[in-house]
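The primary structure of each chain is shown beneath.
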Amino acid sequence: MTFHQLFIPNEILYGKDSFAEIGKQAKALGKKVLIISDPIMEKIGNVSICEKHLQNHDVPYAKYTGIDSEPTDIHVEDALSVCREEKCDVIVAVGGGSCIDTAKAVAVMMTNEGHIRDYSGGKKKFNEKPLPLIAVPTTAGTGSEVTKVTVIIDTKNDVKMMISQPQLLPAIAIVDPALTISCPPNVTAATGVDALCHAIEAFISRRAQPVTDTLALKAIELIVGNLRNAYANGEDVEVREGMALGSMLAGMAFSNASVTLVHGMSRPIGAMFHVPHGISNAMLLPAVLEFSKEEAIDRLSTVARHVLPETKELSEHEAVEELINEIKQLCNDLHIPNLKTWGIDKEKFDLVVSKMATDALASGSPGNNPKVPAHEEIIDLYYNCYEYDFSTNRKVAK
Ligand code: NAD
């Protein structure tokens, strides 16, 4: 193909107070809303704020707020039952990637036949138009509000299914950075590194294209510039705005350029050991960059020179070393554990590591990496990450 294609939602409302628009937007899309959210969103009041906005525009609604972990096919089936019983024709997701991904799966499965598992890895296409979805992220984050991707755990096969098709794009994304202020530091760190992985992986992906390059570089700049402060001082609105924008741009970038080896290896860790997605990415990021760097010197040195002005005078190789050190130090500052310190049992790890490498390769993401690993190399990388040491001598201006 000589040209590039870019998929993004029809409409994005971005910035302060945009959440208040949800009633008006939902009314224009259908007759009855299903709100999909989680118990923490209920507890901190985001669900009731959403309800109030809908009531202000006389929009009837039902709720499914049962997402108590990263989403599984069981959550999807439960939410689908509510949607059918309540005869809802518009979906609103309020929450992190877990709520948005569940909502995407519900929106497509309301109009397409079979089980969500049938669509894993593109085996089957969604032929019917989904119900319209409004996605409101409360983490910064997955970027799921602007991606054509959903990630659902297949509980039958212990696999995190990555499904990527244009029908999974929300009709509308509402990105109100104020909603991320309540994120505790551990969630800010995990979700922020997830966004950083999206941007870096999109930039070094074999499927990168000029538009995604532009989005990814800006996203890396915003995330590297704001994540430490968002972690240390979550109340800082400007910093949260930087992260929300960075995460959204990173989502657009990876949704169109694809993720690579970090995400490919991360999903099996999530499926086997229930490590939150952002943490499992962070556990892998520096080691995977070290593995990939020789095939990505040009791309990684571009990133280094963009975000670390002091590397402009260095050789390409030296600049890449500085970038990887900066990322290690960032993970260190965010108190990212390795697989061992997270508490993963070594014997269990030994038993499943080969299946994890097989599942990583089967997902297709490693095939987009600048250096495509063999099965054995993935196993070696998992072992390297098991006891990975994030410490560096790097001094960072806070
Ligand atoms: P999450 O949605 O699982 O949320 C993590 C925790 O933080 C939950 O307990 C949630 O209730 C809480 N939380 C969320 N927002 C909060 C807030 N504002 N204040 C307080 N607590 C808050 O985390 P996530 O990282 O956003 O999503 C992870 C899921 O998204 C994984 O399943 C991952 O695989 C998937 N994902 C999807 C895409 C995509 O494009 N579809 C991309 C990356 C990751």
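Residues numbered from 1 in each chain as written. Predicted model: local features only at pLDDT ≥ 70, side-chain atom pairs only at ≥ 80, totals over all residues. Heavy atoms only, no water.

Participant: Any chance you could break down the site of the ligand for me, citing the residues and the numbers?
Facilitator: Taken together, 30 residues form the shell around the ligand, and within it Asp38, Gly97, Ser98, Asp101 and Thr147 come nearest. Side-chain polar atom of Asp101 to a nitrogen atom of the ligand: 2.7 Å apart, as the coordinates give it. At 3.2 Å, a side-chain N or O of Lys160 approaches an oxygen atom of the ligand. Here the ligand, which alone exposes 860 Å², has 89% of that area covered by the protein. Sorting the residues of the shell around the ligand by element identifies α2 (39-44), α5 (97-109), β6 (149-154) and α6 (185-204) as the ones contributing at least two each. When its residues are assigned to classes, the shell around the ligand shows eleven nonpolar, 13 polar and six charged. Shared between two domains, the shell around the ligand takes at least three residues from each, and those domains are domain 1 (11-180) and domain 2 (185-386). (Near = heavy atom within 4 Å. Polar contact = N/O pair within 3.5 Å; in protein donor to acceptor, adjacent residues only side chain to side chain. Areas by Shrake-Rupley, 256 points an atom, 1.4 Å probe, with all protein chains shown as cover. Helix = DSSP H or I, 4+ residues; strand = E, 2+ residues; numbered from the N terminus. Nonpolar A, V, L, I, M, F, W, Y, C, P; charged D, E, K, R; others polar. Domains from an automatic or database assignment.)

Participant: Can you explain the pairing of strand β7 (residues 159-164)? Please cite residues and give values.
Facilitator: As defined by bridge partners, β6 adjoins β7 across six bridges and the pair is classed as antiparallel. For Ile152, the partnering residue across the bridge sits in β7 and is Met161. The loop that links β6 with its antiparallel partner β7 comprises four residues; one of these, Asp158, has a positive phi angle of about 50°. (Pairing = 2+ DSSP bridges.)

Participant: For the nonpolar core, give the residues involved together with the corresponding values.
Facilitator: The biggest cluster of nonpolar side chains holds 87 residues, and the ones touching the most others in it are Met265 and Tyr382. Residue assignment places this core across two domains, with domain 1 (11-180) and domain 2 (185-386) each supplying three or more. Not counting residues within four places of it along the chain, the set of residues in contact with Tyr382 comprises Met265, Pro268, Ile269, Leu284, Leu339, Phe349, Val353, Met356, Ala357 and Ala360. (Core = buried A, V, L, I, M, F, W, Y, C linked by side-chain atoms within 4.5 Å. Buried < 20%, exposed > 50% of the residue type's maximum accessible area, 1.4 Å probe, protein only. Contact = heavy atoms within 4.5 Å.)

Participant: How would you sum up the domain arrangement of the protein? Please name residues and give values.
Facilitator: Domain boundaries in the protein define domain 1 (11-180) and domain 2 (185-386). When each unit is reduced to the centre of its C-alpha atoms, the spacing between domain 1 and domain 2 is 25 Å. Listed by partner, the interface residues are 22 residues for domain 1 and 26 residues for domain 2. Among the residues domain 1 hides against domain 2, the three largest losses belong to Tyr14, Ala140 and Lys160. Together they make up 24% of the total. Applying the counting criterion to the domain 1 and domain 2 interface returns zero salt bridges. If you list the elements that add at least two residues to the side of domain 1 that touches domain 2, you get β1 (11-14), β6 and β7. When residues of the side of domain 1 that touches domain 2 are assigned to their parent elements, the largest contribution, three residues, is made by β7. Broken down by class, the residue content of the side of domain 1 that touches domain 2 amounts to ten nonpolar, seven polar and five charged. (Buried area = accessible area lost by both parts, 1.4 Å probe. Salt bridge = Lys/Arg side-chain N within 4 Å of Asp/Glu carboxyl O.)

Participant: Outline the state of the cysteines, supporting the account with residue identities and numerical values.
Facilitator: The final tally for this structure, using the stated rule, is zero disulfides. Cys50 provides the cysteine sulfur closest to Cys99, a residue in no disulfide bond, and the two sulfurs are 11 Å apart. Cysteine Cys385 shares no disulfide, and the gap to the nearest cysteine sulfur, in Cys331, comes to 11 Å. Under the relative-accessibility criterion, Cys385 is labelled buried at 0%. (Disulfide = S-S within 2.5 Å.)

Participant: Quick one: what's the story with the UniProt feature "domain: Alcohol dehydrogenase iron-type/glycerol dehydrogenase GldA" (unreviewed entry) in the protein, residue by residue and with numbers?
Facilitator: As recorded in UniProt, the feature "domain: Alcohol dehydrogenase iron-type/glycerol dehydrogenase GldA" (unreviewed entry) lies at residues 9-177. As annotated, residues 9-177 comprises 30% helix and 23% strand, and the C-alpha atoms at either end are separated by 18 Å. (UniProt positions renumbered as here; feature names shortened; annotations may be inferred.)

Participant: Which residues make up the UniProt feature "domain: Fe-containing alcohol dehydrogenase-like C-terminal" (unreviewed entry) in the protein, and what values go with them?
Facilitator: Those places that UniProt annotates as "domain: Fe-containing alcohol dehydrogenase-like C-terminal" (unreviewed entry) correspond, in this numbering, to residues 188-384. With 76% helix and 0% strand, residues 188-384 has its two end C-alpha atoms placed 26 Å apart.

Participant: An account of helix α10 (residues 277-292) is requested, with residue identities and associated values reported.
Facilitator: An ideal rise of 1.5 Å per residue puts 22 Å on 16 residues; α10 measures up with 21 Å between its terminal C-alpha atoms. Its axis deflected by about 40° at Leu285, α10 carries its strongest bend there, up to four residues before the proline Pro286. Burial within α10 is extensive, with 15 of its 16 residues counted as buried. (Expected span 1.5 Å × (residues − 1). Bend = angle between axes of the 7 residues up to and from the residue.)

Participant: Would you mind going over the pattern of salt bridges in detail, with residue names and values included?
Facilitator: On inspection of all chains with the given rule, the structure shows 18 salt bridges. Between Glu70 and Lys160 there is a salt bridge, with its nearest N and O atoms 2.7 Å apart. Within this pair, whereas Glu70 is found in the loop between β3 (61-64) and α4 (73-85), its partner Lys160 is found in strand β7, the two being separated by 90 residues in sequence. On the accessibility criterion, Lys160 (9% relative accessible area) is buried. The residue Asp359 makes a salt bridge to Lys355 at a minimum N-O spacing of 2.7 Å. Within this pair, Asp359 and its partner Lys355 are both found in helix α14 (residues 346-362), separated by four residues, close to a single helical turn.

Participant: Now, about the sheet that holds strand β5 (residues 133-137): what can you tell me, with residues and values included?
Facilitator: Here six strands make up an open sheet; going across it, the order is β1-β8-β5-β4-β2-β3 and the pairing parallel. With one partner strand each, in any of the chains shown, β1 and β3 form the two edges of the open sheet. On average, adjacent strands in this sheet sit at an angle of 15° to one another, irrespective of strand direction. Where strand β4 (residues 90-95) lies against β5, five bridges are found, and the strand directions are parallel. (Axes fitted to C-alpha atoms, helices over the stretch in contact; angles between N-to-C directions.)

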